[in-house]
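# Examination of the molecular architecture
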Amino acid sequence: MPALRPREQGVLRAFAQALLPPGGPLPGAEVEGGVAVIGVLDGVAGRASPRTRLALRLGLNALEWSTFPRRFSKLPLEARTTHLRKLGARRSGLWRELFSSLKSLVSLAYANHADVRRSVGVRVGCESAGVDAPNSGVAALCAEDMQVPTGSESCDVVIVGSGAGGAAVARVVAEAGLSVIVLEEGAYYDAASYSTDTFDATATLYRDGGSTVCEGQPTIPLPIGRCVGGTTVINSGTCLRTPPDVLASWRDELGIEWATDLDREFEQLERDLNVKPVDPARAGRNAELCRAGAEALGASNGPITRNAGDVVCCGTCPTGCAIDAKQAMHVSELPRAVAAGARIRAGARVERILFDGHRAVGVRAATDRGSYEVRSRAVVLAAGAVGTPQLLISQGVSDLSGQIGRNLRIHPACWVGGIFDEEVRGWDGVMQSWYVDEWRDRGLFMEATFTPLMFGVHWMPGVGEDFKRRIEDYGNLAIVGVHLSDHGSRGRVAVGRSGHAQISYRLDPADAREIQFGIARAAEMQLAAGATEVHPQIAGVGPISSRRELRAIEDAQVRPAQLRLDAFHPMGTARMGADRATSVVAPSGESHELEGLYIADASILPSSLGVNPMITIMACARRIAAGLVERLG
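Read on for a plain summary of the structure. Treat the numbers as computed from the prediction; the structure is a model and nothing was measured. (Residues numbered from 1 in each chain as written. Predicted model: local features only at pLDDT ≥ 70, side-chain atom pairs only at ≥ 80, totals over all residues. Heavy atoms only, no water.)

### Points about the overall build of the protein
Worth spelling out the cut-off: Helix and strand definitions here come from DSSP, where helices need a minimum of 4 consecutive H or I residues and strands a minimum of 2 consecutive E residues; each element is numbered from the N-terminal end. Only C-alpha atoms enter the radius of gyration, while the globule expectation follows 2.2 Å times N to the 0.38, with N the number of residues. Between buried and exposed lies partly exposed: a residue is buried under 20% and exposed over 50% of the maximum accessible area for its type, with that area taken using a 1.4 Å probe on protein chains only. We call two residues in contact whenever any of their non-hydrogen atoms come within 4.5 Å of each other. Under the counting rule used here, the positive set is Lys and Arg, the negative set is Asp and Glu, and His together with the chain ends is not counted. Where a charge lies is defined by one atom per residue type: Lys uses NZ, Arg uses CZ, Asp uses CG and Glu uses CD.
Looking only at helices and strands, one finds 18 helices and 21 strands in the protein. In terms of overall dimensions, the protein is globule-like: its C-alpha atoms have a radius of gyration of 24 Å, near the 26 Å expected for 633 residues. Its C-alpha atoms give the protein principal-axis dimensions of roughly 70 × 55 × 45 Å. Burial analysis of the protein (633 residues in total) assigns 60% to the buried set. Sequence-distant contacts, at least 24 apart, represent 75% of the contacts inside the protein between residues at least 6 apart. Averaging the positions of the 67 positive and the 71 negative side-chain charges in the protein gives two centres separated by 6 Å.

What follows is the structure in structure tokens.
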């Protein structure tokens with residue numbers, strides 16, 4: 001059954017035609033001989049949460065009557081295009097949010113089409129220059145071994161979630177000789193089974209089919225993995241140690257004594273995950289331009305360290321590394337855990353934690369084969385900064401601190417693209433390759449991250465032929481991502497009546513100003529490297545073409561709702577600390593209130609990191625797992 005009604009599909013079709021009309025080298029959308037997107041987008045809506053699906057339907061109906069007394073879908077093509085330009089030009093507000101959301105959806109479906117990729121010249125693939133064999137001697141996981149048995153099982157430690165935190169705990173505990181079961185809601189995929197179709201891949205690898213968002217002004221997309229290996233399967237593989245000042249604050253202000261004693265964990269992780277700096281000679285033109293711009297400004301910069309060894313071309317990170325060179329958990333820590341005796345159960349959605357009084361003694365999960373229970377001596381939650389609080393809140397777990405689901409940080413990020421006269425062909429290099437940390441004292445961290453066409457085209461400005469012309473120039477595009485260590489901003493994970501997570505986030509005006517400063521610096525770097533046009537993602541601020549025009553960014557009175565943002569690093573929703581009045585778990589990872597219940601994922605990180613959090617999560621999880629082993633003997 002279609003997720004959208006025929007009338008709603010008609011409005012979406014009319015929007016797609018106006019956004020991407022026929023004519024020129026690129027095909028039009030939803031026109032004869034063009035690219036059909038409605039069927040794909042109806043599938044996306046069907047996989048979204050009920051709340052997101054309702055918002056989409058209400059938005060389409062609002063758009064239909066936004067041209068009252070005439071219906072939007074009945075207007076001539078030129079009139080529809082003019083109306084969309086007006087909506088896109090708004091500085092803020094719900095109409096601009098609606099326009100941006102629909103543009104993102106339609107653009108993603110459009111850019112996924114083979115004819116569009118061929119016309120732009122995109123090459124999608126992954127290549128390695130070396131002969132790294134970090135997993136030699138470790139057998140790959142087998143999907144058949146992950147099937148959930150009927151009835152129940154027992155073990156010493158049951159782990160909910162198979163991402164960075166869950167996998168790290170599983171390996172440590174299993175290698176210590178304790179019996180371990182890892183439960184994962186999603187299915188197992190690897191290089192032999194990832195879909196080459198972006199929408200199929202997001203449907204299988206992502207939570208809510210890739211439609212998870214933080215609600216607020218602005219609405220911020222938040223991609224989260226839902227598969228064996230979790231978000232490590234779909235991230236960019238960046239592995240950066242936690243800044244020492246952040247760890248010192250955890251020790252001094254929160255009583256986490258071991259926070260500044262993680263060097264051994266970091267060293268082991270970097271060795272086990274084949275973490276190496278990107279080779280500057282092989283990083284690609286996007287990295288070279290970022291480096292050139294930074295050095296022209298005298299800004300501190302360097303190669304990013306990644307868990308992908310000698311990979312020199314990676315264009316499939318968001319849909320699963322095509323050659324599994326990226327050491328995501330399903331090809332690294334989980335196989336090592338299984339080799340030590342751990343069991344993985346895929347397709348098991350944990351619905352309840354089982355308690356005997358105030359002690360956790362197992363979990364109950366729903367599967368395609370019915371209810372399934374695991375009895376254990378300890379329960380470790382590692383379902384992520386959204387999944388972990390969602391489970392705790394749904395069950396009404398005791399929370400005297402009142403902090404479960406609160407304190408959400410997301411590292412809000414902004415895409416800044418520069419157009420060059422030369423071909424950049426960012427898809428021929430390393431996707432996330434170079435960093436600039438000159439302004440880390442302001443919470444800013446910049447990364448040259450070339451976004452694949454399917455995920456990045458919607459950031460290009462314009463409507464109609466203007467938008468299509470900019471898509472044609474994608475091969476001449478260089479991209480810098482601006483990440484902010486959010487301080488004043490606050491988010492929250494709650495649970496609606498349907499049981500789905502409701503994620504809200506309020507971007508603080510002071511944080512918005514720091515992002516604005518970061519956008520100006522990224523634009524300055526692009527121009528210094530030779531860009532002829534730079535696109536800041538600030539509503540009301542158009543493309544700039546000279547360093548004199550930077551003041552248009554720097555002097556703008558920017559409200560949070562004017563920024564177009566993404567987020568990739570949710571954390572903090574079950575934070576760790578010694579004070580039970582202000583934290584959910586102790587430095588041991590164990591709940592302050594419930595014995596035997598541990599948390600070891602991004603939700604325990606008590607403050608924003610300012611860098612990609614994967615190996616911070618893993619280092620903390622390993623430390624927690626070591627303590628758990630000692631306690632269980």
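### Side note on the layout of surface pockets
Over the atoms, a rolled probe matching the size of one water molecule traces out where space is still vacant. The condition that has to hold: Cavity and pocket criteria rest on a 1 Å grid covering protein atoms alone: a 1.4 Å probe that fits but cannot get out defines a cavity, protein on both sides within 12 Å along at least 5 of 7 lines defines an open pocket, and an atom within 4 Å of a point defines a lining residue. Grid points are joined across faces, edges and corners, and a volume is the space filled by probe spheres set on the points. Residue type decides the class: Asp, Glu, Lys and Arg count as charged, Ala, Val, Leu, Ile, Met, Phe, Trp, Tyr, Cys and Pro as nonpolar, and the leftover types, Gly among them, as polar.
Here the second largest pocket is characterised by a volume of approximately 430 Å³. Along its surface, the second largest pocket is lined by 23 residues, and Gly88, Arg96, Lys103, Pro461 and Gly462 are the ones closest to its centre. Secondary structure elements with two or more residues in the lining of the second largest pocket: α4 (77-89) and α5 (94-111). Split into classes, the residues belonging to the lining of the second largest pocket amount to 11 nonpolar, seven polar and five charged.

### Here we look at the pattern of salt bridges
Inclusion rule: We count a salt bridge whenever a side-chain nitrogen from Lys or Arg sits within 4 Å of a carboxyl oxygen from Asp or Glu.
Applying the stated rule across the entire model yields 44 salt bridges. With a shortest N-O distance of 3.9 Å, Asp263 and Arg241 are connected by a salt bridge. Taken together, the residues Asp263 in helix α10 (residues 263-272) and Arg241 in the loop between β5 (220-221) and α9 (244-254) connect sequence positions 22 residues apart. Overall, the relative accessible area of 46% leaves Asp263 in the partly exposed class. When the shortest N-O distance is used, the salt bridge between Arg359 and Glu595 registers 3.3 Å. Remark: Glu595 occurs in the loop between α17 (551-554) and β21 (597-599) and Arg359 occurs in strand β12 (residues 359-367); sequence separation between them is 236 residues.

### Structural notes on the pairing of strand β19 (residues 501-506)
Here is the rule: At least two DSSP bridges between two strands are required for those strands to pair.
What you see with β19 is a clean split: Ala501, Ile503 and Tyr505 sit on the buried side and Gln502, Ser504 and Arg506 on the side with no burial. Sheet analysis places strand β18 (residues 490-495) next to β19, joined by six bridges and oriented antiparallel. Counterpart to Ala494 in the pairing with β19 is Gln502. A loop of five residues connects β18 with β19, the two strands running antiparallel in sequence, and Gly499 in this loop sits at a positive phi of about 95°.

### Points about the packing of helix α1 (residues 6-19) against helix α2 (residues 38-47)
Rules: Axis definition: a line fitted to C-alpha atoms, limited for helices to the stretch in contact. Angles are taken between N-to-C directions and run from 0 to 180 degrees. Oblique is the label for any angle not covered by the other classes, which are roughly parallel (under 35 degrees), roughly antiparallel (over 145) and roughly perpendicular (65 to 115). Two helices crossing with the near one rotated counterclockwise from the far one by less than a right angle form a left-handed crossing, whereas a clockwise rotation gives a right-handed crossing.
Following both chains from N to C, one finds α1 and α2 inclined at 125°, their axes separated by 10 Å at the closest point. By the angle between their directions, the pair α1 and α2 is classed as oblique. For α1 against α2, the interelement crossing comes out right-handed. Where α1 approaches α2, its residues Gln9, Leu12 and Arg13 are matched on the opposing element by Ile38, Leu41 and Asp42. Looking at the contact of α1 with α2 residue by residue, the classes come out as three nonpolar, one polar and two charged.

### Digging into the packing of helix α3 (residues 50-64) against α5
Running from amino to carboxyl end, α3 crosses α5 at an angle of 110°, the nearest separation of the two axes being 11 Å. The angle between α3 and α5 falls in the class roughly perpendicular. You can see that α3 and α5 cross each other, and the crossing is left-handed. Counting all contacts with α3, which are made through Leu56, Gly59, Leu60, Ala62 and Leu63, the residues of α5 involved are Trp95, Leu98, Leu102 and Leu105. Of the residues in the contact of α3 with α5, the class split is eight nonpolar, one polar and no charged.

### Some details on the side chain of Glu64
This is how it is decided: In protein, a polar contact requires one atom able to donate a hydrogen and another able to accept it; more generally it is a pair of N or O atoms within 3.5 Å, and residues adjacent in sequence count only if both atoms are side-chain atoms.
Note that Glu64 resides in helix α3. Buried within the structure, Glu64 lacks any salt-bridge partner; Arg71 is the closest side chain of opposite charge, at an N-O distance of 4.3 Å. Side-chain polar atoms of Glu64 contact the side chain of Ser73, separated by 2.8 Å. Other than its neighbours up to four places away in sequence, Glu64 contacts Val11, Arg70, Arg71, Phe72 and Ser73.

### Considering the environment of Asn407
With respect to the element layout, Asn407 can be found in the loop between α13 (384-395) and β14 (413-419). The spacing of Asn407 and Thr52 is 355 residues in sequence and 23 Å in space, taken between C-alpha atoms. Apart from residues no more than four positions distant in its own chain, Asn407 is found in contact with Arg490, Gly491, Met571, Gly572 and Arg575.

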